[in-house]
Amino acid sequence: MDYSIDELITVLMAREVTNTDVMIVGVATPCVWSAFTLAKVTHAPNAIFHYIMGNTFVYEARRVSLLWLENTAISRCHRIHNSGECTLELLPHDTLTTIEFFRPAQIDQYGNTNNTCIGSWDNPKVRLPGAAGIPDFSGFYSRGQSLYVTRHDRRTFVPSEKLFFRSGVGYVNGQMPVAGGAGPKFIITDLAYLDFDEKTKKMRIKTRHPGVSIEEIQEKTGFELIVPNKVPETKPPTDHELKMLREKVDPLAIRRLEVLTGKERDEHLQYVIENEIKMEKRVMERI
Amino acid sequence: MDYSIDELITVLMAREVTNTDVMIVGVATPCVWSAFTLAKVTHAPNAIFHYIMGNTFVYEARRVSLLWLENTAISRCHRIHNSGECTLELLPHDTLTTIEFFRPAQIDQYGNTNNTCIGSWDNPKVRLPGAAGIPDFSGFYSRGQSLYVTRHDRRTFVPSEKLFFRSGVGYVNGQMPVAGGAGPKFIITDLAYLDFDEKTKKMRIKTRHPGVSIEEIQEKTGFELIVPNKVPETKPPTDHELKMLREKVDPLAIRRLEVLTGKERDEHLQYVIENEIKMEKRVMERI
Amino acid sequence: MAINKIMSLKEAVSQYVEDGDLVGIGGLSFWRKPISAIREIIRQGKKNLGIVTFVGGLDVDLLAGANCINRVRASFVGMELFGLAPRYREAVESGKLKVIEETEASIALGLKAVYLRLPFMPLKGIIDTDILKVRDDIKEFVDPLKNERLVAVPPIKPDVAIIHVPYADEKGNGNIAGAVWIDDDLSKVAKKVIITCEKIVETEDIIRLPGKGQIPMQKVDAVVRVPFGAHPTSCYPFYTFDPIHIKNYMKINYDEYFNTFIKPENIGDYLEKVGGIKSILNIIT
Amino acid sequence: MAINKIMSLKEAVSQYVEDGDLVGIGGLSFWRKPISAIREIIRQGKKNLGIVTFVGGLDVDLLAGANCINRVRASFVGMELFGLAPRYREAVESGKLKVIEETEASIALGLKAVYLRLPFMPLKGIIDTDILKVRDDIKEFVDPLKNERLVAVPPIKPDVAIIHVPYADEKGNGNIAGAVWIDDDLSKVAKKVIITCEKIVETEDIIRLPGKGQIPMQKVDAVVRVPFGAHPTSCYPFYTFDPIHIKNYMKINYDEYFNTFIKPENIGDYLEKVGGIKSILNIIT
């Protein structure tokens, strides 16, 4: 089956989930939520959702939603905490939660990230939302940090000296994180699956997506990538993965809001809103 | 009306409670629980119970119990926390909880206390239960520490050099507590109401209980007490206080377990147990 | 004799929010934000407020647009999938609004430090970030037991906390049906607390509600009933955020927004402007 | 495919408790203590265990009497109004059992430190106590921000936590109906967790129970059903502690106690020895 880029990214993220994971569903990241839900209904039925929208653990999977996610996160949870417990206990802990995907506005060759500002901090061209909890947890995960970027370009992939603000810590100067975690593990983008060289801790192409050349990936990256002798093609989504994603997990394609821009995005947002405020659709389907 | 010593101590403690207090009910201190309950049903109707047995806030008053206090502490609570929140947040905080009575095994002239051991720490004659939370909270209370002792004698009231272990901090060397609280405020005993001299921070007789002489109090204290020119007699329990305490608050006189010893105590414990395991008495009366 | 803390929004804000205060705001981006109280703060023309909130969104943006605030402590400020927060951006980029860079843990620990009267709390997470370069009140130090690298973050003590909750009693017990976020900590450490609520219930009911009274009565100064008081943000389990209103908010001129939606004091008048019962039907769960 | 962690007490204790382990025990003095698991530990002759518990009582006393433990971390160990803990006293006074002096806050903070991988947590409360004289792993230091006097307490990481709960599901979610004390923290930071429970319910039921699953499934290794498994301590909301048994325990010779009450492996046999249904009628709520 044909697939779109949001579908590819979502499927690749889903494949990272294991059956014993506790999957951290953040706010406003429908690709991640879709990926976790897809994993849950395909190969990881015992995985647990940890919803930040709710501060809850939830065992069952429900359809992805823009407007009604509080219902999904809260009404059927089997544990509820507060953000103090979430932030200071569950998230940095290695067993209580296990997998989280971060999306940086900028990332350098060592996996250091910036979500704080474009331009200088005290006189920013664009004030971005901020670090959130990324530095609080990313250095802790023993299985490493999971990252994704929906538009692979030189504005996002920058050399260290062009990272405007280091709001998330990767391999600073090639070192392991102080907090004891395994450091950045991989980045899933619209062009490739990238990981980090074990020795130099620099970013490396692991697989290139179907139809994408190594040259294109390098060209759209603001620093030199490590290119192994063999760079296989990314295994594309299977028909089953696509079918589940489209029909069950995220039929309104809310995930697409993470990849679209401009007018197209605005129209899709309108489409999602209109569909979700329809009376008869407010109970989130259990899948 | 005549009254017993447990009744006097309980009434005096009750009088310390104000209408806006949050009263910390510890475990195995029925005098304190009786006192708080008495205050609640007499002059402090808006006071809130904070039960350690339950880690709960409770607004309504119930009869004091030995066996069924979990029911009282939990079934009707309007807030429930865990000990982490209780110990690290509510108790040291100045508004969330406000009054707690501690009973030391030893106390010196500066209000330093010992609940850890009799004899040297590494070769104790008697291993006592331990510091519990006394040092964690006592230095914080802005209204000061409230103390009580059911048997005023030279084994309990000792000079600083005979305090075997300082497990609770009073005015160390006459200084205010490091944690910022007001320090020991008063001690209610079976002989007197004692407080501390504002300047020297040494223990002082404030009132002597009816029939007790200053000489007797001093004689039963292992250090020199400050004796003001005027030491009035303690105002004895009123008929209303006694009636409420005996008939409503603690009809089985469970509080007496804190003052009795030996065979008398054993028999009273048996009496309380027998009465409380009776089927028809298991719902704690709301008062 | 009975405790009764119920008052009007006007009274509560004028009595408990002072110019220059550090105001703790509950909720998350556009979920259960005390927006009716924010509108009242704007109407009363409060100035030089500081904000501390776990994740800011419409709350911070409205206050930035109205020039009520000069500093913000938040781990994140944004309008989620609706975009960056427009007035917040403008205020920060023009230098009018100071951002005190925080993370989730630095805020959570800063609040926790207040309870035990600690001058700091230790943290590993933010070591090696640039946050340390722009926060001179955060210091790296060597821990006294194991010589590990650590960072010391200072306490955060709000002057007043403002929390919207679905249920409250007149004594000030507040029940949050959904996510609590840091609202319990904000209430517990703030010097004064205002809660706005959808419904006033009896203490008997608080006892029976899941989660009971997460906001403890002894900390609460004012209880204000404002049905749909979080609109256009959500209040679980009653309604979700109003996506149409928020989409509109992202485009509309601020003065027009002020005149149409902030000026009306009466919640009914406001809700009529928002679209009346048909808009409410869109968002109730 | 479905997760099922249910096993026998014998299996759970032999598989997850090793000689020398630091064992975290839930409950408080004689309230909701996992006594059936303690009896199993004694029967299996475990040695050199350390105990960490918020407040110790019958649990610590039984283990001290059986010579299973060589160190105890607790803020308090006693039998409440029934007296001092007799075997604990004897073991400490004879030098067989080492007390690591703790307070409520030093234990609570020690557990909290584990989450953020902190080498210490700061505390004011215990400054100027003699606890600092007998704990060389606690140090006074000067805080890096305000130069205040502080004390650094180290992390506490149990090898295994043992918690008795009224309700659990087969996945390992545990619900505590009454006071949680530090049992959630013990479970969350311990390397392995055994829960014993009164009743096995479905996850669907955990969702509906007040407090839901305070003990999170992902941390739990073994779920063991033992009705009256906390006896002679309490398990709210089902039964309170058995005052007659505890009074007897205070006087009886330990060997006799062992032979009569600890030896029987089967919970029914044990309860018959305790007095059977008439004793149970005394304590059910």
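About the cut-offs
Residues numbered from 1 in each chain as written. Chains lettered and ligands numbered in written order. Predicted model: local features only at pLDDT ≥ 70, side-chain atom pairs only at ≥ 80, totals over all residues. Heavy atoms only, no water. Salt bridge = Lys/Arg side-chain N within 4 Å of Asp/Glu carboxyl O. Helix = DSSP H or I, 4+ residues; strand = E, 2+ residues; numbered from the N terminus. Buried < 20%, exposed > 50% of the residue type's maximum accessible area, 1.4 Å probe, protein only. Pairing = 2+ DSSP bridges. Contact = heavy atoms within 4.5 Å. Axes fitted to C-alpha atoms, helices over the stretch in contact; angles between N-to-C directions. Buried area = accessible area lost by both parts, 1.4 Å probe. Polar contact = N/O pair within 3.5 Å; in protein donor to acceptor, adjacent residues only side chain to side chain. Nonpolar A, V, L, I, M, F, W, Y, C, P; charged D, E, K, R; others polar. Domains from an automatic or database assignment. Parallel < 35°, antiparallel > 145°, perpendicular 65-115°, else oblique. Left-handed = near helix turned anticlockwise from the far one by under 90°.

Quick look at the pattern of salt bridges
Here is step 1 of the chain: In total, this model carries 86 salt bridges over all chains according to the counting rule given.
Here is step 2 of the chain: Notably, a salt bridge pairs Glu265 of chain C with Lys10 of chain C, separated by 3.2 Å at the nearest N-O pair. Note that Glu265 of chain C is positioned in the loop between α10 (254-262) and α11 (267-274) and Lys10 of chain C in helix α1 (residues 9-16), a separation of 255 residues in sequence.
Here is step 3 of the chain: Residue classification places Glu265 of chain C among the exposed residues on the basis of a relative accessible area of 51%.
Here is step 4 of the chain: Residue classification places Lys10 of chain C among the partly exposed positions, given a relative accessible area of 45%.
Here is step 5 of the chain: The salt bridge partner of Arg73 of chain C is Glu102 of chain C, with a shortest N-O separation of 2.7 Å. Remark: Glu102 of chain C occurs in the loop between β4 (98-101) and α5 (104-115) and Arg73 of chain C occurs in strand β3 (residues 69-74); sequence separation between them is 29 residues. For the pair Arg73 of chain C and Glu102 of chain C, a shared accessibility class is recorded, and that class is buried.
Here is step 6 of the chain: A cluster of three or more residues bridged by salt bridges with shared partners is formed by Asp6, Glu7, Arg246, Asp250, Arg255 and Arg256 of chain A.

Topic: the sheet that holds strand β10 (residues 145-148) of chain B
Residue and element names in this part refer to chain B.
Here is step 1 of the chain: Overall, mixed pairing links the five strands, which are arranged β5-β10-β11-β12-β13 in an open sheet. Looking at which strands have only one partner, the edges of the open sheet turn out to be β5 (101-102) and β13 (203-208).
Here is step 2 of the chain: Sheet analysis places β5 next to β10, joined by two bridges and oriented parallel. Note that in β10 the partner of Phe102 across the bridge is Leu147.
Here is step 3 of the chain: The strands touched by helix α1 (residues 5-15) within the sheet are β5, β10 and β11 (184-188), with β11 carrying the most contacts at an inclination of about 155 degrees.

Some points on the interface of chain B and chain C
Many descriptions give the size of an interface as the accessible area lost when the pieces come together.
Here is step 1 of the chain: Each partner contributes residues to the interface: chain B has 28 residues there, and chain C has 24 residues.
Here is step 2 of the chain: When chain B packs against chain C, the two sides together hide about 2,100 Å² of surface, and 56% of this comes from carbon and sulfur.
Here is step 3 of the chain: It is His78, Arg79 and Glu89 of chain B in chain B that bury the most area against chain C; as a group they hold 27% of the surface buried on that side.
Here is step 4 of the chain: Summed over the shared surface of chain B and chain C, the number is five salt bridges.
Here is step 5 of the chain: For Glu89 of chain B, the salt bridge identified is with Lys112 of chain C, shortest N-O distance 2.6 Å.
Here is step 6 of the chain: The interface formed by chain B and chain C includes twelve residue pairs in polar contact (both at pLDDT 80 or more).
Here is step 7 of the chain: Where the side of chain B that touches chain C is concerned, the elements lending two or more residues are β4 (79-80) and α4 (83-90) of chain B.
Here is step 8 of the chain: Sorting elements by how many residues they give to the side of chain B that touches chain C places α4 of chain B first, with five residues.
Here is step 9 of the chain: Counted by class, the side of chain B that touches chain C contains 13 nonpolar, nine polar and six charged residues.

A look at the sheet that holds strand β2 (residues 48-51) of chain A
All names here are of chain A.
Here is step 1 of the chain: The strand order across the open sheet formed by four strands is β1-β2-β3-β4, and the pairing between neighbours is mixed. What marks the edges here is a single partner per strand, and that holds for β1 (22-25) and β4 (79-80).
Here is step 2 of the chain: Examined bridge by bridge, β1 and β2 share four bridges and lie parallel to one another. Considered in β2, the bridge of Ile24 is made with His50.
Here is step 3 of the chain: Helix-sheet contacts for helix α2 (residues 30-41) involve β1 and β2, and the interaxial angle to β1 is about 155 degrees.

Section: helix α9 (residues 243-251) of chain C
Here is step 1 of the chain: Taken together, the buried positions of α9 of chain C are occupied by Pro243, His245, Ile246, Lys247 and Tyr249 of chain C.
Here is step 2 of the chain: Buried residues along α9 of chain C sit in contact with α8 (262-276) of chain A together with α3 (58-65), α4 (86-93), α10, α11 and α12 (276-283) of chain C.

Points about the domain arrangement of chain C
Residue and element names in this part refer to chain C.
Here is step 1 of the chain: What the domain assignment lists for chain C is domain 1 (9-102 + 157-281) and domain 2 (120-154).
Here is step 2 of the chain: Placing the centre of domain 1 and that of domain 2 at their C-alpha centroids yields a distance of 31 Å.
Here is step 3 of the chain: Taken together, the contact between domain 1 and domain 2 spans four residues of the former and four residues of the latter.
Here is step 4 of the chain: Taking both sides of the interface into account, the surface hidden between domain 1 and domain 2 amounts to around 290 Å²; carbon and sulfur atoms contribute 53%.
Here is step 5 of the chain: Linking domain 1 with domain 2 are one salt bridge, by the criterion used here.
Here is step 6 of the chain: Glu102 is the partner of Arg135 in a salt bridge, and the nearest nitrogen-oxygen pair spans 3.2 Å.
Here is step 7 of the chain: Inspection of the region where domain 1 meets domain 2 yields two residue pairs in polar contact (both at pLDDT 80 or more).

Some remarks on the packing of helix α2 (residues 35-43) of chain D against helix α10 (residues 254-262) of chain D
Residue and element names in this part refer to chain D.
Here is step 1 of the chain: Relative to each other, α2 and α10 sit at 110 degrees, their axes nearing to 11 Å. One element, α2, and the other, α10, form an angle in the roughly perpendicular class. Seen along the crossing, α2 lies across α10 with a hand that is left-handed. Of α10, the residues touching α2 (which contributes Arg39, Ile42 and Arg43) are Tyr254, Phe258, Phe261 and Ile262.
Here is step 2 of the chain: Grouping the amino acids of the contact of α2 with α10 by side-chain chemistry returns five nonpolar, no polar and two charged.

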